[in-house]
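# Remarks on the overall topology
Each chain, letter by letter, is given below.
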Amino acid sequence: MITATQIRRAFLDYFVANGHAEVASSSLVPREDPSLLFTNAGMVQFKKVFLGQDKRDYSRAATSQKCLRVGGKHNDLENVGRTARHHTFFEMLGNFSFGDYFKEEAIRLAWGFLTDELKLPKEKLYATVFRDDDEAIGLWKKIAGVPAERIFRLGEKDNFWSMGDTGPCGPCSEILIDQGEHMSCGPNCGIGQCDCDRFLEIWNLVFMQYDQIAPGNRVSLPRPSIDTGMGLERVSGVCQGVYSNFDSDLFSPIIAATADLAGVKYKTDEDTDTALRVIADHCRSMVFLVADSILPSNEGRGYVLRRLIRRAFRFGRLMGLKDPFLHRVCPTVVDVMGVQYPEVVEGMDFMTRVVREEEERFSDTLDKGLDILEQEMAAARAANSSVISGEAAFKLYDTYGFPLDIITDVAGKQGFSVDEEGYKACMGEQKARAKKAWKGSGETDLAGQFKKLLETGLKSRFTGYEALSGESRVV
Ligand code: ATP
Ligand code: MG
Ligand code: MG
Ligand code: MG
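Residues numbered from 1 in each chain as written. Chains lettered and ligands numbered in written order. Predicted model: local features only at pLDDT ≥ 70, side-chain atom pairs only at ≥ 80, totals over all residues.

Secondary structure summary: the protein chain contains 16 helices and eleven strands in total. Computed over C-alpha atoms, the radius of gyration of the protein chain comes to 23 Å, within 12% of the 23 Å expected from 2.2 N^0.38 for 475 residues, which places it in the range of a compact globule. Within the protein chain, buried positions represent 43% of all 475 residues. Long-range contacts, defined as pairs at least 24 residues apart, comprise 70% of the intrachain contacts of the protein chain with a sequence gap of at least 6. (Helix = DSSP H or I, 4+ residues; strand = E, 2+ residues; numbered from the N terminus. Rg over C-alpha atoms; globule rule 2.2 N^0.38 Å. Buried ≥ 20, exposed ≤ 12 C-beta atoms within 10 Å, placed from the backbone. Contact = placed C-beta atoms within 7 Å.)

A few words on unusual backbone geometry. For Arg131, which is not a glycine, the phi torsion comes out positive at approximately 30 degrees. Note on placement: Arg131 falls in the loop between strand S4 (125-130) and helix H4 (134-144). Look at Asn384: it is not a glycine, yet its phi comes out positive at around 60 degrees. Summarising the element assignment, Asn384 is placed in the loop between helix H12 (348-382) and strand S10 (387-388).

Around ligand 1 there are 16 residues in total, and Asp76, Phe90, Asn204, Gly229 and Gly231 lie nearest to it. Elements supplying a minimum of two residues to the shell around ligand 1: strand S3 (89-97), strand S8 (199-214), strand S9 (217-231) and helix H6 (232-239). Considered class by class, the residues forming the shell around ligand 1 number five nonpolar, five polar and six charged. (Near = placed C-beta within 6 Å. Nonpolar A, V, L, I, M, F, W, Y, C, P; charged D, E, K, R; others polar.)

With that settled, consider the pairing of S4. For S4, a buried count of five out of six residues is recorded, marking the element as mostly surrounded by other parts of the structure. One ladder, built from four bridges, connects S4 with strand S7 (residues 167-178); its direction is antiparallel. In the strand pairing of S7, Thr128 is matched with Glu174. Relative to strand S5 (residues 151-154), S4 runs parallel, the two sharing four bridges. What sits directly across from Val129, in S5, is Arg153. In terms of handedness, the path from S4 via H4 over to S5 forms a crossover that is right-handed. (Pairing = 2+ DSSP bridges. Right-handed = clockwise from strand over helix to strand, strands pointing away.)

What follows is about the nonpolar core. Membership of the largest hydrophobic core comes to 109 residues, with the highest contact counts inside it found for Ala110, Cys283, Met286, Val287 and Leu326. In terms of residue count, helix H8 (residues 270-291) provides more of this core than any other element does, twelve residues in total. A domain split of this core shows at least three residues from each of domain 1 (4-243) and domain 2 (251-472). With sequence-adjacent residues up to four places away left out, Met286 is seen in contact with Leu305, Leu308, Ile309, Leu326, Cys330 and Val355. Among the nonpolar cores identified, the runner-up in size contains 16 residues, and Leu396, Tyr397, Phe402 and Val410 belong to it. (Core = buried A, V, L, I, M, F, W, Y, C linked by C-beta atoms within 7 Å. Domains from an automatic or database assignment.)

Between the first and last C-alpha of helix H3 (residues 103-117) there are 20 Å, a value that for 15 residues agrees with the 21 Å anticipated at 1.5 Å per step. For H3, the complete set of buried residues consists of Lys103, Ala106, Ile107, Leu109, Ala110, Trp111, Phe113 and Leu114. Once H3 ends, the next one or two residues include Lys119, with phi positive near 60 degrees. (Expected span 1.5 Å × (residues − 1).)

A word on the domain arrangement of the protein chain. Think of interface size as the accessible area that goes away when the parts come together; that is how it is often given. What the domain assignment lists for the protein chain is domain 1 (4-243) and domain 2 (251-472). For domain 1 versus domain 2, the separation of C-alpha centres amounts to 30 Å. Every contact between the two is made by 19 residues of domain 1 and, on the other side, 19 residues of domain 2. If you list the elements that add at least two residues to the side of domain 1 that touches domain 2, you get helix H1 (4-17) and strand S2 (60-68). Top element by residues in the side of domain 1 that touches domain 2 is S2. It accounts for three residues. Here the side of domain 1 that touches domain 2 is composed, by residue class, of ten nonpolar, seven polar and two charged.

Glancing now at H12. Along its 35 residues, H12 runs 49 Å from first to last C-alpha, staying within 8% of the 51 Å computed at 1.5 Å per residue. Taken as a whole, H12 carries its principal kink of about 40 degrees at Leu366. Looking one or two residues past H12, Asn384 carries a phi angle of roughly 60 degrees, positive in sign. (Bend = angle between axes of the 7 residues up to and from the residue.)

Moving on to the pairing of S7. The element S7 is extensively covered by neighbouring structure, given that ten of its twelve residues are classed as buried. Bridge count between strand S6 (residues 160-162) and S7: three bridges; the pairing is antiparallel. The partner of Trp161 across the bridge, within S7, is Gly170. Counting the residues in the hairpin turn of S6 and S7 gives four residues. Where S7 and S8 come together, ten bridges link them in antiparallel fashion. Looking at the pairing, Cys172 lines up with Val206 of S8.

Interpretation of the predicted coordinates at a detailed level should be avoided for regions scoring low in pLDDT. Mean pLDDT over the protein chain works out to 91, with 92% of the residues at or above the 70 mark. Across residues 441-447, confidence stays below pLDDT 50; counting only partners more than four residues off in sequence or on other chains, it has five contacts. Between residues 457-475, whose pLDDT stays under 50, and residues either more than four places distant or in other chains, the model counts 36 contacts. Complex prediction metrics read pTM 0.90 and ipTM 0.99. (pLDDT = per-residue confidence, 0-100.)

Moving on: the environment of Leu12. Summarising the element assignment, Leu12 is placed in helix H1. For Leu12, a count of 19 C-beta atoms within 10 Å puts it in the partly exposed group. Residues Leu12 and Gly94, spaced 82 residues apart in sequence, show a C-alpha to C-alpha distance of 8.7 Å.

If you want it as structure tokens, here you go:
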């Protein structure tokens, strides 16, 4: 069996052999880019190169990039556990051309890697193109010999890629693999028709041509370029002959470690399985977020980390795990990922401590909050309603530290929805009150965060303002 580590290495070696510079992953926290909460694709570290504002001493590059898709344009939090292919944290393998090669070479290289190096079966591979991109269709036929019936034209949603509301973008062409009839979601299953995992999207080739300056305002890039992204977890699952990323060797040790702690077996009960998958997913995110200097907090990036830890902890509770346990799963993540990312090995002691402290903080209030939520649901039921009020949800957040997604998870499972508008209104009011009461200099975040670091004895990890710069935007 080919391991994920071998696939990652084979990918980088293949592109180096084809004239690309191997470039290290950048941080999950994008540098100098307030438009983005987290790095959500391989191209993020090259954004300015595409825009012609920065020059490198190479015009072709290949990376294995750490990505996080929670919040912003690309948000997969709700997909985790629901599909077999989405994670919050994942690795994107990518090759890039900065005004060097364009469509033809991008297709040739991608096809060569999948079919010559990884030996994926050609007859199971499909291509999609953006609407009337006849040129790409012609290239798929000419270079790869993909027949017309396995090439699909899709619209903006699938085949026009952009990193966010602004920034480099362009039409794209994707490679999908048919995982087989047994994965079908029903009679309407098909490319561009459903969102199931049968036709699994593995690789996106973006033909970077524009800069989206503002909504409705797009200009051409100085030079047409290439940006591609292939999920390592997906391609590993495919190459390892499993039908879920969670069964690949990137996840199975983490799931096994969690199952062990909980005294359960994976694949015996649907709810337990979901919990194990969510926990494995979120543990990877925690490890990498802390390694990139994010700490749990009530705002911005720190709040995303807090939500992930609390959400994972609550899923543990569903399996009967009462005591803090996530920090005991994290070292397995380091075992799996340390080979490529030395920062998680270096940061391991610090990270387990941060996670444990956050778990402890939350475990004190979890039961109480769950009781209150039960009472709210009982009261709603008695009043013939299936909605949890915004005020109740906000109180759970404010007093018991329940992020909204936990409330919607728990309530949703029992058929209740949450008045999110009402919740946001309460949040807005509280923010307005806090602002009114604040008489300081406007440096609250930095000073407060630094103080917190000192108080909790974490100052040895202080890495300058880089650690704090993430607090500027709320999800
Ligand atoms: P999907 O349609 O499955 O949500 P996407 O079109 O949003 O994927 P892209 O933005 O094209 O994904 O990203 C490039 C590649 O990165 C995808 O083809 C896939 O292999 C991988 N990828 C994207 N999102 C995730 C995720 N949440 N978890 C794991 N891999 C992902
Ligand atoms: Mg997506
Ligand atoms: Mg897609
Ligand atoms: Mg895509």
